[in-house]
Amino acid sequence: AQTVTQSQPEMSVQEAETVTLSCTYDTSESDYYLFWYKQPPSRQMILVIRQEAYKQQNATENRFSVNFQKAAKSFSLKISDSQLGDAAMYFCAYTGANSKLTFGKGITLSVRP
Amino acid sequence: GAVVSQHPSRVICKSGTSVKIECRSLDFQATTMFWYRQFPKQSLMLMATSNEGSKATYEQGVEKDKFLINHASLTLSTLTVTSAHPEDSSFYICSARFIQETQYFGPGTRLLVL
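Definitions and cut-offs
Residues numbered from 1 in each chain as written. Chains lettered and ligands numbered in written order. Predicted model: local features only at pLDDT ≥ 70, side-chain atom pairs only at ≥ 80, totals over all residues. Heavy atoms only, no water. Helix = DSSP H or I, 4+ residues; strand = E, 2+ residues; numbered from the N terminus. Rg over C-alpha atoms; globule rule 2.2 N^0.38 Å. Buried < 20%, exposed > 50% of the residue type's maximum accessible area, 1.4 Å probe, protein only. Contact = heavy atoms within 4.5 Å. Areas by Shrake-Rupley, 256 points an atom, 1.4 Å probe, with all protein chains shown as cover. Lys, Arg positive; Asp, Glu negative; His and termini not counted. Charge placed at Lys NZ, Arg CZ, Asp CG, Glu CD. Pairing = 2+ DSSP bridges. Axes fitted to C-alpha atoms, helices over the stretch in contact; angles between N-to-C directions.

**Q** Where do I start with the overall build of chain B in this structure?
**A** Along its length, chain B carries 0 helices and 11 strands. Tracing chain B from N to C terminus, the helices and strands come up as β-β-β-β-β-β-β-β-β-β-β. A compact globule built from 114 residues should have a C-alpha radius of gyration of about 13 Å, and chain B, at 13 Å, falls within 12% of that. For chain B, the spread of C-alpha atoms along the three principal axes comes to 40 × 25 × 20 Å. When each of the 114 residues of chain B is scored for burial, the buried share is 50%. Partitioning the contacts of chain B with sequence separation of at least 6, the portion at a separation of at least 24 is 53%. Summing over all exposed atoms, chain B offers an accessible surface of approximately 5,600 Å²; the carbon and sulfur share of this is 53%. Side-chain charges of chain B comprise 11 positive and 9 negative groups, with the mean position of each set lying 6 Å from the other.

So this is what it looks like as structure tokens:
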């Protein structure tokens, strides 16, 4: 079975600074997708970024980028120029052949003004 | 694009009554939708996979007779909590699968059973 691990329950970052959220996963599949979702206080799950396992190039979406290390099974999220609106819970997630999402426990990110 | 709506956003009901929650994909067709439950400060727990035109697949430990799922069209899935009890109070979230295995989520439904 696939597992997703987010070992840090909380992190804090100063506004305008950069922060990296860690995620590791375990799978025996070769074809899969990885995601980061954001859940603000409204509890709406918002897709932040997606990475296809077959792509070597790291995905980027504006201020959000990932460091995908396939051999190490690591998938970290970097948030640049942090903004107050980035404060939320962030979930790392995996999906493979069964199309089900496996989530990590999540990390609560706070942004200090 | 890839917008999913969910209705109602919150509902309060008496113990023993049934509650229906609707999940709609507004700008795409979704052959597969998912239903999750989330407790405060915790991750999402998959309850069932809803496939258009066929029976839902439930995760281990989820009572299929209590949580009835119907996926009658390519844009609508419903979750009915039957004979609700206070322990069913929770936050229920649906998602719809779009391209490249990406799930887009509805805004969730807060259910409180008194």
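**Q** Is there a simple way to think about the sheet that holds strand 8 (residues 76-81) of chain B in this case?
**A** Note: strands within a sheet are paired through backbone hydrogen bonds, in either parallel or antiparallel orientation. Residues and elements named next belong to chain B. Taken together, 4 strands build an open sheet; the order of strands is 1-3-8-7 and the sheet is antiparallel. The sheet is open, and its two borders are formed by strand 1 (4-7) and strand 7 (67-73), each paired with just one other strand. Shown here is a sheet whose adjacent strand axes are inclined to one another by a mean of 15 degrees, direction ignored.

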